[in-house]
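Listed below, chain by chain, are the residues.
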Amino acid sequence: MQNTFHAKPESAIRRALKHPFAGFIFIGILLLSLQVLSIMGAGFVKSSMLNGFASVMVYSIVGYGFTFLLGYAGLASLGTAGFVGLGAYIAGYLIREQPQVPYLGVILAAVLVSVVLGVAVGFISLRIEGIFLAIVTLGLSEIFYQIFNNWLGFTNGSMGSSISKYPIFQLFQNPDSWLAAIDRDLFSKLAQVPFLQAIFDMKTIDARRSFYILLVLITVGLMMLTYNLGKSSTGRAMLAMKNSSSAAQAMGISLLKYRLLAFLMSTIFAGFAGAMFMSYFKFSTPTNYTIIFSLNILAAVLIGGSKNLIGTFLGCLIVFGLTPIFLQDIPFFRDNSWVINITIGSIIILIVMFYPGGLVQLGQRFKQAFRQLAAKRRLYVYGEED
Amino acid sequence: MTIQDILQTILNSLPMIGRYALVTMGIVLIFRTTATTNFAQGLIATVGTFAVTWAALEWTALPLWVCLLLGMVVAFVIGMLVDVALIRRARHITPSGKQMITMGVMMILVNVTPVIFNSLVIYNTQGRSFSQGIHQFVFLGMNFNITEMGLLGFIMAAVLLSATFAALKYTKWGLGVRATAANETVAQMLGVNTRVITAFSWALAGALATVGGFFTGAGAPLSVTLMGNAQVFGFLACVLGGFGSFPAPILGAVIIPLVYNFAGNTSIMGPNAGMWQNAVTFLVVLLLILIFPNGILGKKYIRKV
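Residues numbered from 1 in each chain as written. Chains lettered and ligands numbered in written order. Predicted model: local features only at pLDDT ≥ 70, side-chain atom pairs only at ≥ 80, totals over all residues. Heavy atoms only, no water.

1. What to know about the nonpolar core
In terms of nonpolar packing, the biggest core is built from 199 residues, with Tyr212 and Ile348 of chain A together with Met25, Met100, Ile101 and Leu236 of chain B touching the most fellow members. No other element matches helix α3 (residues 47-72) of chain A, which puts 16 residues into this core. When near neighbours in sequence (up to four residues on either side) are disregarded, Leu236 of chain B contacts Ile135 and Gly139 of chain A together with Ile256, Phe282, Val285, Leu286 and Ile289 of chain B. (Core = buried A, V, L, I, M, F, W, Y, C linked by side-chain atoms within 4.5 Å. Buried < 20%, exposed > 50% of the residue type's maximum accessible area, 1.4 Å probe, protein only. Helix = DSSP H or I, 4+ residues; strand = E, 2+ residues; numbered from the N terminus. Contact = heavy atoms within 4.5 Å.)

2. Focus on the interface of chain A and chain B
Taken together, the contact between chain A and chain B spans 39 residues of the former and 41 residues of the latter. Carbon and sulfur atoms supply 80% of the area that chain A and chain B bury against each other, a total of about 3,600 Å² over both sides. Here chain A and chain B share zero salt bridges between them. Inspection of the region where chain A meets chain B yields four residue pairs in polar contact (both at pLDDT 80 or more). Looking at the side of chain A that touches chain B, the elements with two or more residues in it are α5 (103-127), α6 (130-150), α13 (245-250), α15 (291-304) and α18 (337-354) of chain A. Per element, the largest residue contribution to the side of chain A that touches chain B is 12 residues, and it comes from α6 of chain A. In terms of residue class, the side of chain A that touches chain B is made up of 27 nonpolar, nine polar and three charged. (Buried area = accessible area lost by both parts, 1.4 Å probe. Salt bridge = Lys/Arg side-chain N within 4 Å of Asp/Glu carboxyl O. Polar contact = N/O pair within 3.5 Å; in protein donor to acceptor, adjacent residues only side chain to side chain. Nonpolar A, V, L, I, M, F, W, Y, C, P; charged D, E, K, R; others polar.)

3. A word on the packing of aromatic side chains
Residues and elements named next belong to chain A. Enumeration over the complete set of coordinates arrives at 32 aromatic pairs over all chains. Ring centres 6.2 Å apart and planes at 70 degrees place the aromatic pair Tyr89 and Tyr289 in the edge-to-face group. Of this pair, Tyr89 sits in helix α4 (residues 80-97) while Tyr289 sits in the loop between β2 (283-284) and α15; the two residues are 200 residues apart in sequence, bridging distant segments of the chain. The residues Tyr89 and Tyr289 share a single accessibility class, namely buried. (Phe/Tyr/Trp six-rings, centres within 6.5 Å; stacked < 30°, edge-to-face > 60°.)

4. What to know about a nonpolar patch on the surface
Residue and element names in this part refer to chain B. Among the surface-exposed residues, Met1, Ile6, Ile10, Ile268 and Met269 lie close enough to one another that they form a single nonpolar patch of about 410 Å² accessible area. Among the secondary structure elements, those contributing two or more residues to the nonpolar patch are α1 (3-34) and α12 (266-269). Here Met1 lies in the segment before α1. (Patch = residues over 30% accessible without salt bridge, like charges linked within 9 Å, V, L, I, M, F, W, Y side chains within 5 Å. Areas by Shrake-Rupley, 256 points an atom, 1.4 Å probe, with all protein chains shown as cover.)

5. Concerning α1 of chain B
All names here are of chain B. The end-to-end C-alpha distance of α1 is 44 Å, a good match for the 46 Å that 32 residues give at a rise of 1.5 Å each. The largest bend in α1 is about 35 degrees, located at Leu14, with the proline Pro15 one to four residues further on. By the criterion of burial, α1 is predominantly enclosed, with 23 of the 32 residues buried. Positive backbone phi, at 55 degrees, marks Ala35, one or two positions downstream of α1. (Expected span 1.5 Å × (residues − 1). Bend = angle between axes of the 7 residues up to and from the residue.)

6. Remarks on the confidence of the model for chain B
All names here are of chain B. Mean pLDDT over chain B stands at 86; residues scoring 70 or higher make up 95%. Across chain B, helix α6 (residues 148-170) holds the top mean pLDDT of 92, while helix α5 (residues 118-122) sits lowest at 69. As a predicted assembly, this complex carries a pTM of 0.87 together with an ipTM value of 0.85. (pLDDT = per-residue confidence, 0-100.)

7. Examining helix α10 (residues 228-241) of chain B
All names here are of chain B. Spanning 14 residues, α10 covers 20 Å between terminal C-alpha atoms, matching the ideal 20 Å at 1.5 Å per step. Counting buried positions along α10 gives 12 out of 14 residues, so the element sits mostly inside the fold. Here α10 has its buried residues at Ala230, Gln231, Val232, Phe233, Gly234, Phe235, Leu236, Ala237, Cys238, Val239, Leu240 and Gly241. Positioned one or two residues after α10, Gly242 has a phi angle of 115 degrees, which is positive.

In structure tokens:
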């Protein structure tokens with residue numbers, strides 16, 4: 001008889017749970033179930049809470065791009081606010097002033113401008129490094145802030161840019177939409193079809209709910225995309241570059257290519273998230289896009305553990321979500337909003353100081369402690385092994 | 001644009017140069033000794049300025065310069081506390097992490113200040129100032145004017161900065177700062193008490209910036225965003241001049257206000273100059289930084305492989 005040890009075959013469920021996407025899908029299901037509960041009429045899911053989660057999702061998309069930049073490529077940028085704002089304002093301008101542009105075109109425009117921006121900043125990053133780069137991008141973001149405030153025709157200045165209808169789901173309510181621009185008869189004919197009406201002619205509340213669901217799908221999809229990119233040769237090349245740019249170059253990794261790529265990822269995600277923000281919230285003012293926003297994104301990513309996507313999501317939840325989701329309904333916090341901000345500030349300081357690895361490190365500590373406890377209990381119940 | 005116009009614009013920049021130089025000095029002191037980009041610098045100065053104004057209005061019998069000293073002491077203590085309680089314990093953390101800690105401090109201060117100095121914020125209170133007058137003089141047959149407060153601020157900044165540089169060069173503390181800036185571990189091994197050095201650098205940075213904050217805010221309604229621009233321009237001044245030495249960033253702090261005031265000059269930039277003043281300044285400064293990536297006075301940094 002052969003003296004081999006046969007491990008018990010893992011069940012399919014266990015294997016599926018161990019798949020790296022399981023966590024992402026779990027988050028997606030949680031977010032979806034909240035919306036479903038709200039549709040079914042559960043009282044505790046308020047619309048302000050759902051909006052809070054939507055903003056967390058939008059900002060976490062920014063965070064995934066930033067994760068690539070900071071966690072993989074090791075580059076710091078404080079220009080995030082400007083990049084997100086640009087995406088939001090381009091989307092706002094096109095949807096409001098140029099209704100004949102289809103929604104996909106709007107997104108494409110936001111992404112294309114982000115590409116140009118990413119290439120520009122990428123080239124700057126070849127000349128200036130480290131914290132200096134962060135400060136330079138901070139200056140860049142300030143220029144965008146001035147543009148958001150002062151270019152009235154494009155951004156409507158400090159009054160804020162707004163759109164009246166949800167894109168996609170309220171297509172038929174817009175008589176100048178791209179479909180009508182192509183063929184007005186077809187537009188009016190299609191608008192009569194009940195099936196299409198149900199999708200493209202929703203009431204405002206239904207449109208918001210549908211967009212929320214779309215947002216969940218996009219968030220989970222982008223999480224998977226970012227995860228895969230991180231595990232690919234691109235991600236490994238960037239990690240090499242982060243640890244030592246000279247060694248990476250010696251191994252044949254092109255600094256130019258991967259720095260550009262890292263910045264492209266971050267600006268594209270930021271621009272896209274900006275467009276999403278505009279589409280969901282239908283409103284954006286320049287004060288959203290100050291230096292505080294860039295710092296908040298950096299904080300969210302650092303809190304999460306800078307390379308962990310679920311961590312990034314949780315970081316965004318702490319930084320952006322605490323107020324609208326949990327604390328707004330408690331009268332004490334609503335009247336003393338400064339307490340919340342001080343709490344968030346303290347949380348950031350505490351996590352950065354005691355868990356430099358972020359929430360991931362905290363989670364591992366918990367897991368370890370739990371295992372130790374379980375081992376102790378086994379010892380207590382079954383006695384010491386011989 | 002006449003020569004008088006140019007000279008007057010330069011003259012208008014002087015108060016700003018003084019204020020920014022004070023803030024920048026603090027940023028570079030902190031960066032060199034503890035490798036932290038301090039985002040709370042402007043806020044510490046703001047708290048100091050609030051304290052000055054509060055003292056000046058509460059105890060009207062007190063001379064204003066005593067109030068200013070009191071505010072400086074407040075900022076001195078806050079700066080020292082930040083280092084002792086947080087930054088000193090975060091030595092092993094990456095620069096981005098430290099940056100995040102100062103950001104947390106900033107978040108706390110932004111929200112605590114309006115609560116503590118509630119009366120100042122609600123009533124849009126104006127603080128006392130040393131003088132409201134405008135000084136006029138004739139130079140080379142041309143008339144110039146400058147606010148007396150601005151002139152005083154510039155002179156005060158010049159005196160304080162000269163004193164700081166003298167201290168850096170000739171005192172034991174200055175030697176310690178320079179040693180810590182060069183290499184903290186080695187300085188420690190050679191018997192420099194780096195804890196005292198860093199704590200005092202943080203404290204001094206806060207006190208200097210408070211003077212800048214006072215001259216920014218005196219005679220105008222206070223808000224917590226008082227030093228927002230000074231903070232960002234202070235960082236840019238450091239990068240523009242070069243983080244490598246102590247005097248270089250001051251050069252940046254001289255250039256930026258000049259650019260700012262020329263960008264805001266309607267006879268050069270057209271009638272909308274004021275609207276785009278900030279944006280143009282940032283653009284020019286960014287271009288200058290791209291031309292001098294190591295700073296104007298910075299040395300090229302050669303990396304060992």
